Amino acid sequence: MTDGYDVLLRDGDIAHVRPLAPSDRQALHELVDRSSPRSAYLRFFSSGRTTAHAYMDTVTDDGYDGHALVATLRGRLVAVVECIPLTDGLADLAILIDDAAQGNGLGTLLLEHAALDAADHGVKELSAEVLSENVRMLRVLNDLGLDVRRHVDGSVTQIRISLAPTGRLAATIEARDHAAERASITRVLEPRSVAVIGASRDPRAIGRRVLDNLVKGGFEGPVYPVNPRDPGCYPSVLAIPGEVDVAVVAVPAARVPEVARECAEAQVAGLVVLTAGFAESGDREAEQDLLKVCRTAGMRLIGPNCLGIANTAIGLHATFMDRRPEKGPVGLMSQSGAIGAALLDQLGVSTFVSVGNKADVSGNDLLEYWADDAATSVIALYLESFGNPRRFTRIARRVSAAKPILLVKSGRSDSGGRAVRSHTAAAATPDIAVDALVRASGVIRLDTLQDLVDTARLLSHQPLPRGRRVAIVGNSGGPEAMAADACERYGLVVPELPAGLVDGPPAAALGNPVDLTAEASARQLGAAVAALATSPEVDAVLVVYTPPFGSGLEATREAIAAATRSATNTVLACVMGHGGLIDGRVPAYAFPEQALAALAHAVQYAEWKPEPVGELPSADVETARKIVRSEPEGWLSPAAAARLLGCYGISVCESVPADGPQAAADAAGRTGLPAVLKAVGPVHKSDAGGVRLNLRTQEEVRQAYLEMAATVEGMTGAIVQRQLPAGVEIIVGGVSYPAFGPLVMVGMGGIAADLLADRAFRVPPLSAAAAAELVGELRCAPLLYGYRGAAPVDVAALTDQIARVSRLLDDLPEVAELDLNPVIVTERGAATVDARIRLAPPEDRPSPLRRRLR
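Rules used throughout
- Residues numbered from 1 in each chain as written.
- Predicted model: local features only at pLDDT ≥ 70, side-chain atom pairs only at ≥ 80, totals over all residues.
- Heavy atoms only, no water.
- Helix = DSSP H or I, 4+ residues; strand = E, 2+ residues; numbered from the N terminus.
- Contact = heavy atoms within 4.5 Å.
- Lys, Arg positive; Asp, Glu negative; His and termini not counted.
- Charge placed at Lys NZ, Arg CZ, Asp CG, Glu CD.
- Salt bridge = Lys/Arg side-chain N within 4 Å of Asp/Glu carboxyl O.
- Buried < 20%, exposed > 50% of the residue type's maximum accessible area, 1.4 Å probe, protein only.
- Pairing = 2+ DSSP bridges.
- Axes fitted to C-alpha atoms, helices over the stretch in contact; angles between N-to-C directions.
- Phe/Tyr/Trp six-rings, centres within 6.5 Å; stacked < 30°, edge-to-face > 60°.
- Core = buried A, V, L, I, M, F, W, Y, C linked by side-chain atoms within 4.5 Å.

**Student:** When you look at the overall build of the protein chain in this model, what are you seeing that I'm missing?
**Tutor:** The number of helices and strands found in the protein chain is 26 helices and 37 strands. Dimensions along the principal axes, computed over C-alpha positions, put the protein chain at roughly 90 × 85 × 55 Å. Considering only contacts in the protein chain between residues 6 or more positions apart, those separated by 24 or more positions represent 68%. Averaging the positions of the 83 positive and the 102 negative side-chain charges in the protein chain gives two centres separated by 2 Å.

**Student:** Looking at this structure, I do not really get the pattern of salt bridges. What am I missing?
**Tutor:** Any two side chains of opposite charge can pair, given that their charged atoms come close. Evaluation of the coordinates by the stated rule reveals 42 salt bridges. Residue arginine 25 is joined to aspartate 57 by a salt bridge in which the shortest nitrogen-to-oxygen separation is 3.7 Å. Here aspartate 57 lies in helix 3 (residues 50–59) and arginine 25 lies in helix 1 (residues 25–34), a separation of 32 residues in the sequence. The salt bridge involving arginine 182 is made with glutamate 190; its shortest N-O contact spans 3.9 Å. The partly exposed category is assigned to glutamate 190, whose relative accessible area is 34%.

**Student:** In this structure, what is going on with the sheet that holds strand 3 (residues 67–73)? I would like to understand it.
**Tutor:** By definition, the strands of a sheet pair up through backbone hydrogen bonds, in either a parallel or an antiparallel sense. Reading across from one edge, 1-2-3-4-5-6-8-7 is the order of the eight strands in this open sheet, with mixed pairing throughout. Strand pairing shows two members of the sheet lacking a second neighbour, strand 1 (5–8) and strand 7 (148–153), which therefore form its edges. Going across the sheet, the axis of each strand differs from the next one's by a mean of 25°, ignoring polarity.

**Student:** Just to check I follow, could you spell out the packing of aromatic side chains for this structure?
**Tutor:** The description of an aromatic ring pair uses the distance of the two centres, along with the angle that the planes make with each other. Scanning the model with the defined rule gives two aromatic pairs in all. Measuring from ring centre to ring centre gives 5.8 Å for tyrosine 224 and tyrosine 234, while their planes differ by 75°; the resulting arrangement is edge-to-face. Here tyrosine 234 lies in the loop between strand 10 (223–226) and strand 11 (246–249) and tyrosine 224 lies in strand 10, a separation of 10 residues in the sequence. Judged by relative accessible area, tyrosine 224 falls into the buried class, the value being 12%.

**Student:** Help me out: how do you make sense of the side chain of glutamate 368 in this one?
**Tutor:** Structurally, glutamate 368 is set in helix 11 (residues 363–371). Apart from residues no more than four positions distant in its own chain, glutamate 368 is found in contact with Asp177, His178, Glu181, Arg182, Ile395 and Arg398.

**Student:** Is there a simple way to explain the nonpolar core in this structure?
**Tutor:** Across soluble globular proteins, nonpolar side chains show a tendency to be buried alongside one another. In terms of nonpolar packing, the biggest core is built from 97 residues, with Ile309, Leu366, Leu381, Leu542, Leu596 and Leu599 touching the most fellow members. Broken down by element, the residue count for this core peaks at eight residues, all from helix 19 (residues 592–607). Once residues lying within four places of it in the same chain are set aside, the contact partners of leucine 381 are Met333, Leu367, Trp370, Phe392, Ile405, Leu406, Leu407, Val408 and Leu452. Leu778, Ala781, Leu808 and Ala835 belong to the second-largest nonpolar core, a separate cluster that totals 43 residues.

**Student:** Which parts of the structure should I look at to understand the environment of serine 521?
**Tutor:** By the element assignment, serine 521 lies in the loop between strand 22 (514–515) and helix 17 (522–533). Serine 521 gets classed as partly exposed once you look at its relative accessible area, which sits at 21%. Along the chain, serine 521 and alanine 588 lie 67 residues apart, while their C-alpha atoms are 19 Å from each other.

Pasting the structure below:
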């Protein structure tokens, strides 16, 4: 953490947090000089500044043994917080904040981070002495989300803060994050004024097109053209007489840094950099320099290499597209400008953001904004990469509870580039990780842009379906039959309808699908739709019409519109060969498969609920953390892996190491016969001939060791185990990508694990009930419940073990890979035969509660 990190404050400003350095001495003295007498008194319990200055010399001396963080705003040091060790597990807490920087959440944020750092250094409790009259500080400490005890001793209140993790801490941090992100993005997407830097008289120039779009789009705030070479423009953003909230930058890449520095000096809130020529062209250093300018100045950065932004509620059209975005309920973000433009041709939007290279503002930031935006009811994202997938999951889970999030992510191929060795890590590709993350958060992941448009139209204009029952009604049997087939394919139900519910021509088939025949008039079709649209017998109605039969296209569209104005069910239409909206409310699709794919996504979203995790298995977490902190990175020894698993109630079959043939024979005498001999060294031992089963005598064990040593490359020894009774072999595992976080895997185990690729994944932690759902997804699941006359095995023991593994992965970010393979499940329980655990290097061990940008 030497370089520190950037954090958002309550008002949307940006602070930089880093460890205190001896070179900060002068800045600390300046902080004391700027502090009011009242602030100095409340911090140091004395009037005047002499004590404060002497203390600042102490904290920057080489012999200082505390842990201190400082915060800077626009390059100026404005706060310092420190934890000073007192006794084993106890540290003293103190903080000083510039008067001008108070009231924006900086103090609370620094105290949170100081507490997390202290916990990382083994501190279990913090103490603080606060003057009882310092009501503001007492309130801040109480609102941290940690357990706080108080004792009033005269004019001083003694504070003790337990650093044991609480759910309240995570919740309070998340709430403050949301408020800060919302404030930060609001300044950019709801500006009061806009400058276009690079404006031009050339109608083909990007700057001119942006300027025209802003003026013609109806933006009511001032728009300032900036171009030093045009006498009709301002020569610089610094020459503009009023405040500038957002600057749209359309100048050559070489000039962008200079422009950004001028915007920083002018205190612009946000930069939208349309210019290309940064990381996408290989110049990552230039992009990082640009970001540093923005962060230091407290500016948010959209782009570079982007199309621009739009907010239809305020007439903000700050893009260089020719077409003005249509107003609608979709909040749209695209990492590709071309795809964003294509989607804007199909969807009405509340706001649109083309993030380009995503140097700063990303989908996570925009989700926080759209969560509270009354004009946005559906969120649509096109992503090429995740900046912070862990954070995306947390935010999306909360937002999805109120608004559907649609996601198309390109790059489904396995391009993780990380060398992995265990079965689980090899199976858990980055795209599988994305699927697990979006599933856990309620996000609707779609394969194509057409799917996104189709689903967004349905969710934007119709109520969510109450269930899976679909009525199909129309004038053409062929498309209706295809619709019924699609329902079955998507897990939707086409129920028989009660007699008399709908009426039609004499030749009509009034079951379900309801085929009114090609001769049915618009009035007859409308009457059938009206009956079904309010019927409690179904949850959704698909109207299928093939023009030009019946009364013709326009008359039929009008009949559908009239029939659905009082609908209580979800209604959508398939007008063969024609898409769009009917009456601005009923989504119409060119083909039935399109309509029903969209409906299936809506049903799945309606069924998703962000349920609490439930009760987790007990664990000795403190001992587990001591084990992982005492072990080096890399693969744990079998004994260390067994000790760590034992902290979570997972026992591994006794394994006795052997370094030679006689030692192996002696080990078999200890474990019992028949025995299993396994080579130590190769990862996939069976492939290398490094596993010998059912060795009935010690002599057979000795001979097997000799044969292995002669043939197995890389063998460094062996382990001996007693052979277990036959059962269903399952693999239970976990992998933690530095970016995505941990995943739990369960699948068919043993030598068939990789061949059959029968696996399912979830984001931990899981209760036993959630683990049972995971097991139920496996193709091999019937083997567990008694397949073809076999006795059922103890599935509850298996799900308990999965839940325990999931808690281990959630508790210990140090664990990079974990394999229990096989876990043999029998009628009497689940026994882990082999366990492999790899610890991540320190840089890949995240602290999930730390709040920082990206």
